[in-house]
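Here is how the chains run, residue by residue.
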Amino acid sequence: MEAPVTAAAERTETTAENDLLAAAREQVLERGVGLNEEQLLEILRLDDDRIPELLALAHDVRMRWCGPEVEVEGIVSLKTGGCPEDCHFCSQSGQFPSPVRSAWLDIPGLVRAARETAATGASEFCIVAAVRGPDKRLLSQVRDGIRAIREDGNDIQIACSLGMLTQAQVDELVEMGVHRYNHNLETARSHFPNVVTTHSWEERWETLTMVKAAGMEVCCGGIIGMGETVEQRAEFAAQLGELDPHEVPMNFLIPQPGTPYENYEIVEGKDALRTIAAFRLALPRTILRFAGGRELTLGDLGARQGLLGGVNAVIVGNYLTNLGRPAQQDLDMLADLKMPVKALSEHL
């Protein structure tokens, strides 16, 4: 007697999943309205055999609301290591016995990195510093670096990621010509105290609102795989939807030696793909960028699936303290997928 009941239950579940994806198609694809937290949780709980259909929907949403082009970006660390904050995932924290030590990149090195990034066809170059927030020395270095990059004849768009800001610092970056600011919320508000204790989620949110009000583009994402629940992944995606950033970098945890998360397991590829698609359905018009950990979590095949499942931007080359793939490999993959790289001239 149990078999018919089980079969009926399975049919009911499949029908519910079909209805869920059909509703998401109407809401997000047709109307451009992102899913809410409750809907996103349902998406994140879809069975594995529904992932291809979910990715196809996310790709359709990306094509409808963002277009076919892919934005390519390079990043460089101006100030590495020695950060006073205790972000548990980060090897640059001075509070953990990680192998990363404090170092500064000189201006010629910054110019060279910008030149190499532009040579890949990238339209974006992000200057990053491992700090709680910038002091006068760091802001002076950034100003001198931007000036030197321009004097080198490089017109690549310049973004910065320098931690939490005051209003005066926001205004100074605008005056320098920084067009986009990265400051990740990292995870859901409810999970943040488990990840960072030296500052709050609310402090990060305050910086982001100041940046947005000043007219800079907001880049804000986080890291998947830091012990959050599936409910908290849905919460995080919905909170990003509320912020409505121009760009969301999606990182997957790379367990770093010496950090509290050094023994955490790598996110499974199927969960990573399901999460990518969910974030696209939460943020139909946002640049969704592959960032750190995609090579470890997804490999080449999974990265291709992600690019066909909602992602429309890629960081090429190395990350801050981790090696990435050679930039040409990513460019070749984009060419194989017939995904045009967004031209710099279209940003200016």
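Check the entry above for the structure.
Here the structure is a predicted model, which means the values were calculated and not measured. (Residues numbered from 1 in each chain as written. Predicted model: local features only at pLDDT ≥ 70, side-chain atom pairs only at ≥ 80, totals over all residues. Heavy atoms only, no water.)

## Section: the overall build of the protein
Here is step 1: Secondary structure summary: the protein contains 12 helices and 10 strands in total.
Here is step 2: Relative to its full complement of 348 residues, the protein shows a buried share of 55%.
Here is step 3: Pairs at least 24 apart in sequence give 77% of the contacts found in the protein among residues at least 6 apart.
Here is step 4: Total accessible area computed for the protein in this model is approximately 14600 Å², and 52% of it derives from carbon and sulfur atoms. (Helix = DSSP H or I, 4+ residues; strand = E, 2+ residues; numbered from the N terminus. Buried < 20%, exposed > 50% of the residue type's maximum accessible area, 1.4 Å probe, protein only. Contact = heavy atoms within 4.5 Å. Areas by Shrake-Rupley, 256 points an atom, 1.4 Å probe, with all protein chains shown as cover.)

## Observations concerning the layout of surface pockets
Here is step 1: There is about 170 Å³ of room inside the second largest pocket.
Here is step 2: Every residue lining the second largest pocket is listed: Gly225, Gly227, Arg233, Tyr264, Glu265, Ile266, Val267, Glu268 and Asp271.
Here is step 3: Residue composition of the lining of the second largest pocket, by class: three nonpolar, two polar and four charged. (1 Å grid on protein atoms, 1.4 Å probe; cavity = no way out; pocket = protein on both sides within 12 Å on 5 of 7 lines; lining within 4 Å. Points joined across faces, edges and corners; volume = space filled by probe spheres on them. Nonpolar A, V, L, I, M, F, W, Y, C, P; charged D, E, K, R; others polar.)

## With respect to the pattern of salt bridges
Should the charged atoms of two oppositely charged side chains come close, the side chains can pair.
Here is step 1: One pass over the full model with this rule turns up 25 salt bridges.
Here is step 2: Across the salt bridge formed by Arg132 and Glu85, the nearest N and O atoms sit 3.0 Å from each other. Of this pair, Arg132 sits in the loop between strand S3 (124-129) and helix H5 (136-151) while Glu85 sits in the loop between strand S1 (71-80) and strand S2 (103-104), and the two are 47 residues apart along the sequence.
Here is step 3: Judged by its relative accessible area of 6%, Glu85 is buried.
Here is step 4: Taking the shortest distance from any N to any O, the salt bridge between Arg289 and Glu247 comes out at 2.3 Å. (Salt bridge = Lys/Arg side-chain N within 4 Å of Asp/Glu carboxyl O.)

## Overview of unusual backbone geometry
Here is step 1: Positive phi outside glycine occurs at Glu186, with the angle close to 75°.
Here is step 2: Relative to the helices and strands, Glu186 resides in the loop between strand S5 (180-182) and helix H7 (192-195).
Here is step 3: In this structure, Asp244 takes a positive phi of about 55° despite not being glycine.

## Some words on helix H3 (residues 51-65)
Here is step 1: If you check H3, its first and last C-alpha atoms are 21 Å apart, about what 15 residues at 1.5 Å a residue would give, namely 21 Å.
Here is step 2: For H3, the full list of buried residues reads Ile51, Leu54, Leu55, Leu57, Ala58, His59, Val61 and Arg62.
Here is step 3: Downstream of H3 by a residue or two, Gly67 has a phi angle that is positive, lying close to 90°. (Expected span 1.5 Å × (residues − 1).)

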